[in-house]
Amino acid sequence: MADINQPEKYVNMTDLNPPLARGAKTAEAKRGNGRPGDKGAPLPEAKLHEFAELLFFAYRDFTKDPDAILANFGFGRAHHRVLHFVNRHSGLRVADLLEILTITKQSLSRVLKQLIDQGYIVQQAGSSDRRQRLLFPTPRGRALAERLAAPQLVRLTNALQAAGPGAEATLRRFLEAMINAEDRPKVSSIMSASPVEPSDGGKGGGS
């Protein structure tokens with residue numbers, strides 16, 4: 001089993017590095033000068049702890065429904081993460097997946113072997129560089145990935161609606177700012193990459 005408790009490093013995003021940079025400069029200019037409650041003033045430590053706990057509880061419930069589905073297949077969160085990114089970014093290189101998940105090559109190999117052996121993912125050599133290993137979902141893998149995502153999309157939809165107008169843009173800025181600054185260009189590149197079609201049309205022996 002892979003390191004299923006590794007923190008997820010992925011967020012659906014577009015490349016908003018310029019506005020993020022402007023926001024950082026604005027916050028830096030105001031830091032220490034604002035009164036409590038002023039825009040840009042740092043929150044008290046107790047409030048930050050509250051946000052940290054809310055993130056924990058939100059993530060706990062966000063993963064609860066797919067965890068129950070995964071258990072029926074003998075899979076864990078590492079399988080979910082691999083399947084999610086391979087399904088969303090067909091043709092993803094193994095090297096890129098390693099960087100996204102920040103797990104060891106041995107851990108990823110174990111998870112990939114299970115998903116490949118059971119017909120959820122196929123691996124092919126790159127067309128321009130035969131040394132590359134590209135990953136594609138089979139129809140079976142795509143169906144499972146969509147089944148796992150369904151309750152999470154419902155939860156996201158309900159939460160955004162409950163948060164009110166403007167929540168989507170605010171949440172996007174917040175999540176992007178939570179990503180390490182040096183990783184944001186790489187995340188943007190992955191999220192904006194066009195999917196690649198497998199040479200066999202995605203059949204890969206899956207049912």
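Below is a summary of the structure that appears in this document. Residue positions within a chain follow its written sequence, with the count starting from 1. It should be noted that, the model being predicted, local features are given only for residues of pLDDT at least 70 and side-chain atom pairs only at 80 or more, the latter also being counted only at that level, while totals for whole chains, interfaces and linings use all residues. Side-chain metrics rest on all non-hydrogen atoms present in the structure, leaving aside hydrogens and water.

## Here's the deal with the overall build of the protein
Then step 1. Across its full length, the protein holds eight helices and three strands.
Then step 2. Going along the chain from the N terminus, every DSSP run of H or I of four or more residues is numbered as a helix, and every run of E of two or more is numbered as a strand. Listing every helix and strand of the protein by position from the N terminus yields α-α-α-β-α-α-β-β-α-α-α.
Then step 3. Whether two residues are in contact is decided by their heavy atoms: any pair within 4.5 Å suffices. Restricting to contacts in the protein with at least 6 residues of sequence separation, those with at least 24 account for 68%.
Then step 4. For the protein, the exposed area adds up to about 12,900 Å²; of that, 56% sits on carbon and sulfur atoms. Shrake-Rupley sampling with a 1.4 Å probe provides the accessible areas, and residues are treated as covered by the protein chains on show and by no other component.

## Some words on the packing of aromatic side chains
Then step 1. Centre distance within 6.5 Å is the pairing criterion for rings of Phe, Tyr and Trp, where only the six-membered ring of Trp is used; planes under 30 degrees apart are then read as stacked, over 60 as edge-to-face, and the remainder as tilted. Within this structure, the stated rule accounts for four aromatic pairs.
Then step 2. Look at Phe73 and Tyr120: their rings are 6.4 Å apart centre to centre, the planes differ by 80°, and that puts the pair in the edge-to-face class. Here the residue Phe73 occupies a position in the loop between helix H2 (45–71) and helix H3 (77–88), and Tyr120 occupies one in the loop between helix H5 (105–117) and strand E2 (121–125), the gap between them amounting to 47 residues.
Then step 3. Consider the rings of Phe75 and Tyr120, whose centres lie 5.5 Å apart with planes at 80°: the pair is edge-to-face.

## Here we look at H2
Then step 1. Under the 1.5 Å per step criterion, the end-to-end length of H2 is 38 Å for 27 residues, consistent within 8% with the ideal 39 Å.
Then step 2. Maximum bend of H2: about 35°, positioned at Lys64, with proline Pro66 one to four residues after it. In a helix, the anticipated span is given by 1.5 Å times the number of residues less one. Bend at a residue means the angle formed by two fitted axes: the first through the 7 residues ending at that position, the second through the 7 residues beginning there.

## Re the nonpolar core
Then step 1. Residues belong to a common nonpolar core when they are buried Ala, Val, Leu, Ile, Met, Phe, Trp, Tyr or Cys residues joined through side-chain atoms within 4.5 Å. For every residue, the accessible area obtained with a 1.4 Å probe (protein chains only) is divided by the maximum for its type, and the residue is called buried under 20%, exposed over 50%, and partly exposed between those limits. By size, the foremost hydrophobic cluster in this structure holds 29 residues, and its most contacted members are Val82, Leu97, Leu101, Leu108 and Ile121.
Then step 2. Of all the elements in the fold, those that place two or more residues in this core are H2, H3, helix H4 (94–101), H5, helix H6 (139–163) and helix H8 (184–192).
Then step 3. Ignoring any residue separated from it by four or fewer positions in sequence, one finds Leu97 in contact with Val82, Phe85, Val86, Leu92, Leu108 and Leu135.

## As for the pattern of salt bridges
Then step 1. Any Lys or Arg side-chain nitrogen located within 4 Å of an Asp or Glu carboxyl oxygen qualifies as a salt bridge. Under the definition given, this model contains eight salt bridges.
Then step 2. Where salt bridges share partners, they join Arg93, Asp96, Glu99 and Lys186 into one cluster.

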